[in-house]
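Listed below are the residues making up each chain.
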Amino acid sequence: MTPPSPLWFLDRSAGEVTLVLLTVAMVLGIVRAGMPAFRPFLVEGAHVNISLLVLLFAALHLLAAILDPFTKLGLADMLVPFVSAYRGVWMGLGVVSAYLFVATILLSWPARRLPRATWLWVHRTMYGAWVLALLHSLGTGSDVRNAVFLLLNLLVVAVTLVAFLAVRVAEGYGSRPRWSALLAAVGVLLVLGIGVWAAAGPLQPGWARSSGTPVNLLRSP
């Protein structure tokens, strides 16, 4: 069996770092939104700079994936959702996630000139980007059962859920308790749903075949 190319390790590592940094940026954004009484410049600065780091590592992830000879991915696979012959659905979710994140970054600065409510709704597309990035990581990762990657994925989910419930949901509970309770229920159910799907899918033997890996790339018949 031919050992994986170093580019494969770079691809997977850069992808996981991208997910971790995306989580940190989003959690800092949640914390920042929960501090309306003053200007937390350090939190704001860290949020912006880490968001830019997400772009850097995402680009490294993309470049390594294209250069890795194993999957033979092309530029179209990276830019057009759901056309890849390699795990097309899960690759497509990663592409859509990247577009949502880039759109959020590009729209954030001009949106600041609009009413705060408009800016917040533009910024909240980050939640969608994060969910899709997590599904992409679990769905395309051939090493998803690796203890380190599994622990990192569990940590990013736990940290995000805690921040969402402790800040985003809690801040609106006094004025809109029903809406806050609904948000909490959606967040918890979404996490539970992803957990059940991961346990029944990516964490099970045979996922490589059922996820859409081309037959010629499967390690076993």
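As the structure is a computational prediction, the values presented were derived from the model and not from experiment.

Here's the deal with the overall build of the protein chain
Next, step 1: Looking only at helices and strands, one finds nine helices and zero strands in the protein chain.
Next, step 2: Scanning the protein chain from its N terminus toward the C terminus, one meets helices and strands in the order α-α-α-α-α-α-α-α-α.
Next, step 3: Here the C-alpha radius of gyration of the protein chain, 18 Å, is about what a compact globule of 221 residues would show, namely 17 Å.
Next, step 4: Each principal axis of the C-alpha distribution contributes one length, and for the protein chain these read about 60 × 35 × 30 Å.
Next, step 5: Across the protein chain, contacts joining residues at least 24 apart in sequence account for 68% of those joining residues at least 6 apart.
Next, step 6: Just so you have it, the protein chain exposes about 12100 Å², and 75% of that area is on carbon and sulfur atoms.
Next, step 7: Charge-centre separation for the protein chain: the mean point of 15 positive side chains lies 10 Å from the mean point of 7 negative side chains.

Some details on a nonpolar patch on the surface
Next, step 1: Together, Leu-75, Leu-79, Val-80, Val-83 and Tyr-99 give the surface a local cluster of nonpolar side chains, amounting to about 440 Å² of exposed area.
Next, step 2: Inspection of the secondary structure puts Leu-75 in helix H3 (residues 75-79).
Next, step 3: Judged by relative accessible area, which is 52%, Leu-75 ranks as exposed.

Section: the side chain of Thr-23
Next, step 1: When you line up the elements, Thr-23 lands in helix H1 (residues 6-33).
Next, step 2: In terms of polar contacts, Thr-23 uses its side chain to reach the backbone carbonyl oxygen of Leu-19, at 2.9 Å.

As for the environment of Gly-29
Next, step 1: As for its position among the elements, Gly-29 is in helix H1.
Next, step 2: The exposure class of Gly-29 is buried, given its relative accessible area of 16%.
Next, step 3: In this structure the C-alpha to C-alpha distance between Gly-29 and Leu-53, which are 24 residues apart in sequence, comes to 15 Å.

Section: unusual backbone geometry
Next, step 1: You will see that Lys-72, though not glycine, has its phi angle at about 55 degrees, which is positive.
Next, step 2: Residue position: Lys-72 is located in the loop between helix H2 (41-67) and H3.
Next, step 3: Lys-72 sits in the exposed class, given a relative accessible area of 68%.

Quick notes on the packing of aromatic side chains
Next, step 1: With the rule as written, the count across this model stands at five aromatic pairs.
Next, step 2: Aromatic pair Trp-8 and Phe-9: ring centres 5.0 Å apart, planes at 85 degrees, arrangement edge-to-face.
Next, step 3: A residue is classified by how much of its surface remains accessible, and Trp-8, at 15% relative accessible area, is buried.
Next, step 4: On the accessibility criterion, Phe-9 (45% relative accessible area) is partly exposed.
Next, step 5: Ring centres of Trp-90 and Trp-197 lie 5.0 Å apart, and the angle between their planes is 35 degrees; this geometry places the pair in the tilted category. Here Trp-197 lies in helix H8 (residues 177-200) and Trp-90 lies in helix H4 (residues 88-111), a separation of 107 residues in the sequence.
Next, step 6: Within the aromatic cluster, the residues linked to one another by ring pairs are Trp-90, Trp-197 and Trp-207.
Next, step 7: Between Arg-12 and the ring centre of Phe-149, over which it is positioned, the NZ or CZ distance is 5.2 Å.

Re H8
Next, step 1: The end-to-end C-alpha distance of H8, which contains 24 residues, comes to 34 Å, matching closely the 34 Å that a straight helix rising 1.5 Å per residue would cover.
Next, step 2: In this structure, the buried side of H8 is in contact with helix H6 (125-140) and helix H7 (147-171).

A short note on the nonpolar core
Next, step 1: Membership of the largest hydrophobic core comes to 32 residues, with the highest contact counts inside it found for Leu-19, Leu-22, Phe-101, Trp-130, Leu-134, Leu-138 and Ile-194.
Next, step 2: Mapped by element, the contributors of at least two residues to this core are H1, H2, H4, H6, H7 and H8.
Next, step 3: The element contributing the most residues to this core is H6, with nine residues.
Next, step 4: Setting aside residues up to four positions removed in sequence, Trp-130 forms contacts with Leu-19, Leu-22, Thr-23, Met-26, Val-156, Val-157 and Thr-160.

Considering H6
Along an α-helix, a turn takes 3.6 residues, which lines up residues three or four apart on a common side.
Next, step 1: Its 16 residues give H6 an end-to-end C-alpha distance of 22 Å, which sits within 8% of 22 Å, the value for a rise of 1.5 Å per residue.
Next, step 2: The element H6 is largely enclosed, with a buried count of 13 among its 16 residues.

Re the packing of H7 against H8
Packed helices, taken two at a time, are described by the angle between their axes plus the distance between the axes.
Next, step 1: Their axes nearest at 10 Å, the elements H7 and H8 cross at an angle of 175 degrees. Of the possible angle classes, the one that applies to H7 and H8 is roughly antiparallel. Listed contacts from H8 to Val-157, Leu-161, Phe-164, Leu-165 and Val-169 of H7 are Ser-180, Leu-183, Ala-184, Gly-187, Val-188 and Val-191.
Next, step 2: Looking at the contact of H7 with H8 residue by residue, the class counts come to nine nonpolar, two polar and no charged.

Cut-off values and rules
- Residues numbered from 1 in each chain as written.
- Predicted model: local features only at pLDDT ≥ 70, side-chain atom pairs only at ≥ 80, totals over all residues.
- Heavy atoms only, no water.
- Helix = DSSP H or I, 4+ residues; strand = E, 2+ residues; numbered from the N terminus.
- Rg over C-alpha atoms; globule rule 2.2 N^0.38 Å.
- Contact = heavy atoms within 4.5 Å.
- Areas by Shrake-Rupley, 256 points an atom, 1.4 Å probe, with all protein chains shown as cover.
- Lys, Arg positive; Asp, Glu negative; His and termini not counted.
- Charge placed at Lys NZ, Arg CZ, Asp CG, Glu CD.
- Patch = residues over 30% accessible without salt bridge, like charges linked within 9 Å, V, L, I, M, F, W, Y side chains within 5 Å.
- Salt bridge = Lys/Arg side-chain N within 4 Å of Asp/Glu carboxyl O.
- Buried < 20%, exposed > 50% of the residue type's maximum accessible area, 1.4 Å probe, protein only.
- Polar contact = N/O pair within 3.5 Å; in protein donor to acceptor, adjacent residues only side chain to side chain.
- Phe/Tyr/Trp six-rings, centres within 6.5 Å; stacked < 30°, edge-to-face > 60°.
- Lys NZ or Arg CZ within 6 Å of the ring centre and 35° of its normal.
- Expected span 1.5 Å × (residues − 1).
- Core = buried A, V, L, I, M, F, W, Y, C linked by side-chain atoms within 4.5 Å.
- Axes fitted to C-alpha atoms, helices over the stretch in contact; angles between N-to-C directions.
- Parallel < 35°, antiparallel > 145°, perpendicular 65-115°, else oblique.
- Nonpolar A, V, L, I, M, F, W, Y, C, P; charged D, E, K, R; others polar.

Without other data, these values stay purely geometric and don't point to any function.
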